[in-house]
Amino acid sequence: MNQSAVGILGTGSYLPKEEIDNAEIAARTHVSEEWIARRTEILTRRWAAPDEATSDLAAKAAEAALSQSGLAPGEIDYLIVSTSTGDSPQPPTSNVVQQIIGAHRAACLDINVVCSGFVYALALAHSLITTHPRRRALVVAADVYSRILDFDDHRTAVLLGDGAGAAVVGQVPEPYGFVDFSLVSRGDAHRLIWVDAGGSRTPASHESVDNGGHFFRMDGRGVRDFVLEHVPPVLSALGTRNQIPMEDIDHFVPHQPNGVLLRQLVDVAGLNSARTHRTLECYGNVGSASVPVALDSAHRTGALKAGDLVLLAAFGGGMAIGACLLRWGAER
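Conventions we followed
- Residues numbered from 1 in each chain as written.
- Predicted model: local features only at pLDDT ≥ 70, side-chain atom pairs only at ≥ 80, totals over all residues.
- Heavy atoms only, no water.
- Helix = DSSP H or I, 4+ residues; strand = E, 2+ residues; numbered from the N terminus.
- Rg over C-alpha atoms; globule rule 2.2 N^0.38 Å.
- Contact = heavy atoms within 4.5 Å.
- Lys, Arg positive; Asp, Glu negative; His and termini not counted.
- Charge placed at Lys NZ, Arg CZ, Asp CG, Glu CD.
- Buried < 20%, exposed > 50% of the residue type's maximum accessible area, 1.4 Å probe, protein only.
- Salt bridge = Lys/Arg side-chain N within 4 Å of Asp/Glu carboxyl O.
- Expected span 1.5 Å × (residues − 1).
- Bend = angle between axes of the 7 residues up to and from the residue.
- Phe/Tyr/Trp six-rings, centres within 6.5 Å; stacked < 30°, edge-to-face > 60°.
- Lys NZ or Arg CZ within 6 Å of the ring centre and 35° of its normal.
- Pairing = 2+ DSSP bridges.
- Axes fitted to C-alpha atoms, helices over the stretch in contact; angles between N-to-C directions.

Chemist: Which residues make up the overall build of the protein chain, and what values do they have?
Modeler: Counting its regular elements, the protein chain contains 11 helices and 14 strands. For 332 residues, the compact-globule formula gives about 20 Å, and the C-alpha radius of gyration of the protein chain, at 19 Å, lands near that figure. Judged by the C-alpha coordinates and their principal axes, the protein chain covers about 55 × 45 × 35 Å. Considering only residue pairs separated by 6 or more positions, the protein chain has 78% of its internal contacts joining residues 24 or more positions apart. The average position of the 27 basic charges and that of the 37 acidic charges among the side chains of the protein chain differ by 3 Å.

This is the structure we're talking about:
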């Protein structure tokens, strides 16, 4: 049941201007355009400009969410940035975003739960505001994966793009707002998605760069099997705990790994009666930003109506699963 009137006040997103179509990706990866479209259902993706970093994308999405919520940057108490491709190891990317947008009152922190990070960050924001009513959080998810792609690994390189999404979280009138969250971590599966080099175990060196240790890696088949086996039970248990069957869900806003896997997930999870919001055809897999970008698209196109039940579902490296049930009512 809904324990507190905390919810989403506004959403925003930003996708870089440079559109990369399948013809360009096919030339780089030496597979056909038809193979990419058939295996992924992705047609285009966006890549950050050479002078754009993760904080730049995050700041633009944050500003869009603030504008929609009617709040000024100085009214934000917490600024949480979810990313696995931060500007640098230090300082936190959230502090850089704070400076760019002028949210000088906000306590800043980064979280890295890879593609599940946005839902984890929403849960954190919910807890903070439940503890301190009248405060507001700005949750931003942003990733720039184009910088760590290995184009010799065509099964991975065809999937990923760059982008950012954001949500302002604060008090909303009952009965709207967050209903419940489910957060699951499976460290036993942490080798399904990884970047080997750049941390304390394998510091950056000429050798690590020459060996491709800084590239994004993924066991695609293993990820697919993990998602189809473990995500549907998490979603079902979340609904059961709140006496909400899957057929009562109005909108499903999932992570956007690839189109084929997403269709399979909808079927296995019993979510065919919900409207699934997809942005992967245009933007590909934008990591932690996938869920907020799709949520912002649904919001701005008027698909979400007050009182609608929305299910957010994110899953990715770690492995981690994050699910959130909310009753929509973002308009202030």
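Chemist: Provide a residue-level description of unusual backbone geometry, including the pertinent values.
Modeler: For the bond running from Gln-90 to Pro-91, omega is 0°, close enough to zero to count as cis. The topology assignment puts Pro-91 in the loop between strand E4 (78–82) and helix H4 (93–101). The omega angle of the peptide bond from Gly-318 to Met-319 is -15°, so this bond is cis rather than trans. Structurally, the position occupied by Met-319 is in the loop between strand E13 (309–316) and strand E14 (320–327). A positive phi angle, near 50°, is found at Val-114, a position not held by glycine.

Chemist: Tell me what's going on with the environment of Ala-5, and back it up with residues and numbers.
Modeler: With respect to the secondary-structure elements, Ala-5 resides in the segment before strand E1 (6–14). For Ala-5, a relative accessible area of 17% translates into the label buried. In this structure, the C-alpha to C-alpha distance between Ala-5 and Thr-44, residues 39 residues apart in sequence, is 39 Å. Ignoring any residue separated from it by four or fewer positions in sequence, one finds Ala-5 in contact with Gly-170, Gln-171, Val-172, Pro-173, Glu-174 and Tyr-176.

Chemist: Go over the pattern of salt bridges with me, naming the residues and quoting the values.
Modeler: When the charged atoms of two side chains with opposite charge come close together, those side chains can pair. Overall, the coordinates contain 15 salt bridges when judged by the stated rule. Here Glu-24 makes a salt bridge to Arg-28, at a shortest N to O gap of 3.7 Å. With Glu-24 and Arg-28 both in helix H1 (residues 22–29), this residue pair falls 4 residues apart, about one helical turn. Note on Glu-24: relative accessible area 29%, which makes it partly exposed. Given a relative accessible area of 37%, Arg-28 falls into the partly exposed group. Here Arg-136 ties to Glu-75 by a salt bridge, and the two come within 3.9 Å at their closest N and O atoms. Of this pair, Arg-136 sits in the loop between helix H5 (117–131) and strand E6 (137–144) while Glu-75 sits in the loop between helix H3 (54–69) and E4, placing them 61 residues apart in sequence. Using a relative accessible area of 22% as the deciding quantity, one classes Arg-136 as partly exposed. Connected through salt bridges with shared partners, the residues Glu-41, Arg-263, Arg-278 and Glu-281 form a single ionic network.

Chemist: Outline helix H8 (residues 220–241), supporting the account with residue identities and numerical values.
Modeler: In a regular helix each residue adds 1.5 Å, so 22 residues correspond to 32 Å; H8 covers 31 Å between its end C-alpha atoms and thus fits that length. At Val-227, H8 shows its maximal kink, close to 30°. Within H8 the residues assigned to the buried category are Gly-222, Val-223, Phe-226, Val-227, Val-231, Pro-232, Val-234, Leu-235, Leu-238 and Gly-239. Phi turns positive, to about 55°, at Gln-243, one or two residues after H8.

Chemist: I'd like a description of the packing of aromatic side chains, backed by residues and values.
Modeler: Tallied over the entire structure, the rule returns 3 aromatic pairs. Ring geometry for Trp-47 versus Phe-151: centroids 5.9 Å apart, planes at 55°, classification tilted. On the criterion of sequence distance, the pair formed by Trp-47 in strand E3 (residues 44–47) and Phe-151 in the loop between E6 and helix H6 (154–157) is long-range, its members being 104 residues apart. The same class applies to Trp-47 as to Phe-151, namely buried. Ring centres of Phe-178 and Phe-181 lie 5.1 Å apart, and the angle between their planes is 50°; on these two criteria the pair is classed as tilted. Comparing Phe-178 with Phe-181, the two get one shared label, buried. Across from the ring centre of Phe-151, 5.0 Å away, lies the NZ or CZ of Arg-28, which sits over that ring.

Chemist: Quick rundown of the sheet that holds E1? Include the residues and the values.
Modeler: One open sheet accounts for 5 strands, arranged E1-E7-E6-E4-E5; its pairing is mixed. Of all the strands in the sheet, just E1 and strand E5 (107–111) have a single pairing partner and so form its edges. Strand-to-strand twist of the sheet, defined as the mean angle between neighbouring strand axes without regard to direction, takes the value 20°. Here E1 pairs with strand E7 (residues 162–171) via 8 bridges, running antiparallel. By the bridge assignment, Gly-12 is partnered in E7 with Ala-166.

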